[in-house]
Amino acid sequence: MLNSISNPWFPLWWVMVGGSLLAEALKIGWVGIVAFIVGHWGCDLGWYSLVSLSVAKGRRIMSPGIYRLVVASCGVFIAALGMFFLLSGLDALRTIYRYF
């Protein structure tokens, strides 16, 4: 839950994609809404279960040093990606405000 809430794209996804999917589901009625929610939560559960299983199995397959290296590498990649998005956003803002 914290992962979804802390994701900056979460509200944007619900406004753009989730809202339209819910509107389509509402055409069927409450059964469509329930089916959408159950399907959506089922997909979330399946995905996060797969990720969790992969991490648990990966820990057993790799040596502790290799596992820490993989996790640290993923952390560095995510931090670099975050920095890229931050700088790209700032550059876009700079470009927008240049015209005002």
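Summary of the structure given here.

Conventions we followed
- Residues numbered from 1 in each chain as written.
- Predicted model: local features only at pLDDT ≥ 70, side-chain atom pairs only at ≥ 80, totals over all residues.
- Heavy atoms only, no water.
- Helix = DSSP H or I, 4+ residues; strand = E, 2+ residues; numbered from the N terminus.
- Rg over C-alpha atoms; globule rule 2.2 N^0.38 Å.
- Areas by Shrake-Rupley, 256 points an atom, 1.4 Å probe, with all protein chains shown as cover.
- Expected span 1.5 Å × (residues − 1).
- Buried < 20%, exposed > 50% of the residue type's maximum accessible area, 1.4 Å probe, protein only.
- Contact = heavy atoms within 4.5 Å.

### Structural notes on the overall build of the chain
Along the chain, the regular secondary structure elements total 4 helices and 0 strands. When its helices and strands are written in sequence order, the chain yields α-α-α-α. The C-alpha radius of gyration of the chain comes to 20 Å, more than 25% above the 13 Å expected for a compact globule of 100 residues. Dimensions of the chain along its principal axes, counting C-alpha atoms only, are 55 × 50 × 15 Å. For the chain, the exposed area adds up to about 8,500 Å²; of that, 77% sits on carbon and sulfur atoms.

### Description of helix 2 (residues 9–28)
Here helix 2 is 20 residues long and its end C-alpha atoms lie 28 Å apart, about the 28 Å a rise of 1.5 Å per residue gives. Downstream of helix 2 by a residue or two, glycine 29 has a phi angle that is positive, lying close to 110 degrees.

### Remarks on helix 3 (residues 30–61)
Note on helix geometry: an α-helix contains 3.6 residues per turn, so any two residues three or four positions apart are oriented the same way. With 32 residues, helix 3 ought to run about 46 Å at 1.5 Å a step, and its terminal C-alpha atoms sit 46 Å apart, in line with that. The complete set of buried residues in helix 3 reads Gly32, Ile33, Phe36 and Gly58. Buried residues belonging to helix 3 abut helix 2 and helix 4 (64–98).

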